[in-house]
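Residue-level structure breakdown
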Amino acid sequence: MGKRNYRKKNIDFDYKSLIFIIIISLILWFVKYIISNIWKIVLFLEVFIPILLIIYWLICYYLYKLKKQKELEKQKELEKQMELEKQKEEEKALKFPALILDLEKKIKEFKPLKWYNKEWDYQNWLASFLKSSYPNLDIEITKDYSRPDIVIDNIAIEIKWPTNMSWLKSLPDKINSYLPKWDFLFIVLFDVQIVSDYKQNIDIYEKKIGEILGNVSDLKKDKLLIIKK
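**Topic: the sheet that holds strand β5 (residues 224-228)**
Strands sit in the order β1-β2-β3-β4-β5 across an open sheet of 5 strands; the sheet is mixed. Each of the sheet's edge strands pairs with one partner strand only, and the pair in question is β1 (137-139) and β5. The mean angle between the axes of side-by-side strands here comes to 20 degrees, regardless of whether they run parallel or antiparallel. Note that strand β3 (residues 155-160) and strand β4 (residues 184-189) share 6 bridges and pair parallel.

See the structure below:
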């Protein structure tokens, strides 16, 4: 029994020694190879490193130019949008008097304290917000069978909440009912709810509004402003 254990220990020792000798031999061979071929390695590095640096510089330069090109395109697109907005504002300034443009600005500035469950709340808070700037503001004044939610002089403001597809389809009738009885008509749309997807919701809304405005006569279009809140 003792001899068997002794032999086993010797075998383990010989196995570990053999692995150690092999590893040392490989290290010595590798060192010898490096030393004997050092000039080749140096020559390779002298050629390879500059090439690698040139490739790296070219890639960085390409990415830089690509980034600058995208920034330039983005800037041009932004300038184009700003120019279009400026043209729209100039056209609007020619089309609408200062009072209407000021009222449009005020309505766009209005932000509800929260999302309400009744259309009357939006009407009440918007009227309160505008009252300080337009003291002659009234609510639901009837004129030739039309009764807008808010009236300022001969300007009608109609409010809708929530704005769904059914109401958008009735919008042409609302426009025809109010114009030309009133000098100008503001339609303020709160909480557009056509579909659940946000982007699709906006796309459908804008397409529908475009169709509606496309069918409105120029005479009425010059008296109509639609504001989405």
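**Concerning the pattern of salt bridges**
Enumeration over the complete set of coordinates arrives at 6 salt bridges. Salt-bridge contacts for E104 lead to K108; the nearest nitrogen and oxygen are separated by 3.4 Å. You can see E104 and its partner K108 sitting in helix α3 (residues 98-109), 4 residues apart, about one turn around the helix. Close ionic contact of K174 with E158 constitutes a salt bridge, the shortest N to O distance being 3.6 Å. On the criterion of sequence distance, the pair formed by K174 in helix α6 (residues 171-178) and E158 in strand β3 is long-range, its members being 16 residues apart.

**Regarding the side chain of Q123**
Mapped onto the elements, Q123 comes out in helix α4 (residues 119-131). For Q123, the residues in contact, after removing those within four places along its chain, are I139, E140, D149, I150 and I159.

**A look at α3**
It helps to recall that an α-helix has 3.6 residues per turn; residues three or four apart then point in one direction. Over its 12 residues, α3 extends 17 Å from the first C-alpha to the last, a length consistent with the 16 Å expected when each residue adds 1.5 Å. Every buried residue belonging to α3 is among I100, L103, E104 and I107, and all of these are buried. Viewed end-on, α3 has its buried residues packed into an arc of 105 degrees, placing them on one side of the element. Facing away from the buried surface of α3 by more than 90 degrees, the exposed residues are A98 and K105.

**Let's talk about the packing of aromatic side chains**
A full pass over the atoms with the stated rule returns 7 aromatic pairs. Relative to F190, the ring of F110 lies with its centre 6.2 Å away and its plane at 90 degrees, an arrangement referred to as edge-to-face. Of this pair, F110 sits in the loop between α3 and α4 while F190 sits in the loop between β4 and α7 (198-214), and the two are 80 residues apart along the sequence. Using a relative accessible area of 0% as the deciding quantity, one classes F190 as buried. Through a chain of ring-to-ring contacts, the aromatic side chains of F110, W115, Y116, Y122, F129, W161 and F190 assemble into a single cluster.

Rules used in this analysis
Residues numbered from 1 in each chain as written. Predicted model: local features only at pLDDT ≥ 70, side-chain atom pairs only at ≥ 80, totals over all residues. Heavy atoms only, no water. Pairing = 2+ DSSP bridges. Helix = DSSP H or I, 4+ residues; strand = E, 2+ residues; numbered from the N terminus. Axes fitted to C-alpha atoms, helices over the stretch in contact; angles between N-to-C directions. Salt bridge = Lys/Arg side-chain N within 4 Å of Asp/Glu carboxyl O. Contact = heavy atoms within 4.5 Å. Expected span 1.5 Å × (residues − 1). Buried < 20%, exposed > 50% of the residue type's maximum accessible area, 1.4 Å probe, protein only. Arc of directions from axis to C-beta. Phe/Tyr/Trp six-rings, centres within 6.5 Å; stacked < 30°, edge-to-face > 60°.

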